[in-house]
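# Report on the structure
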Amino acid sequence: MTLHFRGTPLRAVLFDLDGTLLDTANDIALALSRSMADRGLPAPSEALVRTMIGRGAPVLVDRACVAQGLQADAALKAALLDGFFMHYGRLQDEGEYAAEPYPGVMETLQGLHAAGMPLGLVTNKQQRFAQALLKMRGMAPWFGVVCGGDTCERRKPDPQPLLWAAGQLESPPAATLMVGDSVNDVTAARAAGMPVVCMTYGYNEGRDVRELPAMAFLDTMADLPGLLTRD
């Protein structure tokens, strides 16, 4: 049995992580706040951090400094980044993670896996953190490949990570569906020649995701299987 998207047979489905599968903003904001507090600096609110997520931790730190009006040099930014990674890792080690799957995510992933569809994760989060989150939330067995922001030379919105993940799953780009929540996912997918679907509940840097040139928009992951037909 083969699953199709808009008449095209699918060989694999790739997913973004933050804002697509898991709501991770609370953990990211907490780790950032603790890193900045270590240096006596004010941190942005969680609501503001939600608009900064998507392009990886270095960009997150840059945006936080700008938002707080800080004149941060390279040394300070590097220290804040190291602190962010340390605190984010501690959340995992000490069981403080608050990240939870969005509605419909677990059932959809399990169903696709059971149907024999190869699944991949492509995120700008460091690979070690992404793999840990998948394991902690019981998702790891469903993914054949995990591509983090430090796996390839370039990160989304560059298409390189998507093409790499598809290659690992032996899936041609045109037969690989990307499911994300942001301009990074859509830009990368279109550059890679992949069909792309966007979730409306994610982060997308504070902008309306429906303005993006995705092929479909979903309010819940439970609706994804309804876009796929079987032969």
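As a starting point, this report considers the structure included with it. Keep in mind it's a predicted model, so treat the numbers as computed, not measured.

On to the packing of aromatic side chains, then. Tallying each qualifying case throughout the model produces seven aromatic pairs. Judged by centre distance (5.9 Å) and plane angle (55°), the ring pair of phenylalanine 84 and phenylalanine 85 falls under tilted. Judged by its relative accessible area of 6%, phenylalanine 84 is buried. On the basis of relative accessible area, phenylalanine 85 is assigned to the buried category, the value being 17%. Taken together, a centroid distance of 5.6 Å and an interplanar angle of 20° make the contact between phenylalanine 84 and tyrosine 88 stacked. Placement of both phenylalanine 84 and tyrosine 88 in helix α4 (residues 74–93) is noted, with a separation of four residues, approximately one turn of the helix. Of the aromatic side chains, those joined through ring pairs into one cluster are Phe84, Phe85, Tyr88, Tyr97 and Phe129. The ring of phenylalanine 85 carries arginine 128 above its face, with NZ or CZ at 5.7 Å from the centroid.

Once that is clear, we can look at the pattern of salt bridges. Under the counting rule described, the total for this entry stands at 15 salt bridges. Aspartate 23 is paired through a salt bridge with arginine 50; the nearest N and O atoms lie 3.3 Å apart. Of this pair, aspartate 23 sits in strand β4 (residues 22–23) while arginine 50 is found in the loop between α2 (46–49) and α3 (57–67), placing the two residues 27 residues apart along the sequence. With relative accessibility at 25%, the residue aspartate 23 sits in the partly exposed group. What makes arginine 50 partly exposed here is its relative accessible area of 26%. Between arginine 137 and glutamate 100 there is a salt bridge, and its shortest N-O distance comes to 3.8 Å. Here arginine 137 is found in the loop between α6 (127–136) and β7 (145–147), whereas its partner glutamate 100 is found in strand β5 (residues 100–101), with 37 residues between them in sequence. By relative accessible area, glutamate 100 is classed as partly exposed at 44%. Counted as one network, the salt bridges with shared partners bring together Arg55, Arg63, Glu205 and Arg207.

The next point concerns the environment of arginine 128. Following the sequence through the fold, arginine 128 ends up in helix α6. Note on arginine 128: relative accessible area 47%, which makes it partly exposed. For the pair arginine 128 and serine 182, spaced 54 residues apart in sequence, the C-alpha to C-alpha distance is 22 Å. At 2.8 Å, the side chain of arginine 128 and the side chain of glutamine 126 are in polar contact.

Cut-off values and rules
Residues numbered from 1 in each chain as written. Predicted model: local features only at pLDDT ≥ 70, side-chain atom pairs only at ≥ 80, totals over all residues. Heavy atoms only, no water. Phe/Tyr/Trp six-rings, centres within 6.5 Å; stacked < 30°, edge-to-face > 60°. Buried < 20%, exposed > 50% of the residue type's maximum accessible area, 1.4 Å probe, protein only. Helix = DSSP H or I, 4+ residues; strand = E, 2+ residues; numbered from the N terminus. Lys NZ or Arg CZ within 6 Å of the ring centre and 35° of its normal. Salt bridge = Lys/Arg side-chain N within 4 Å of Asp/Glu carboxyl O. Polar contact = N/O pair within 3.5 Å; in protein donor to acceptor, adjacent residues only side chain to side chain.

Scope: geometric values only; no functional claims are made or implied.
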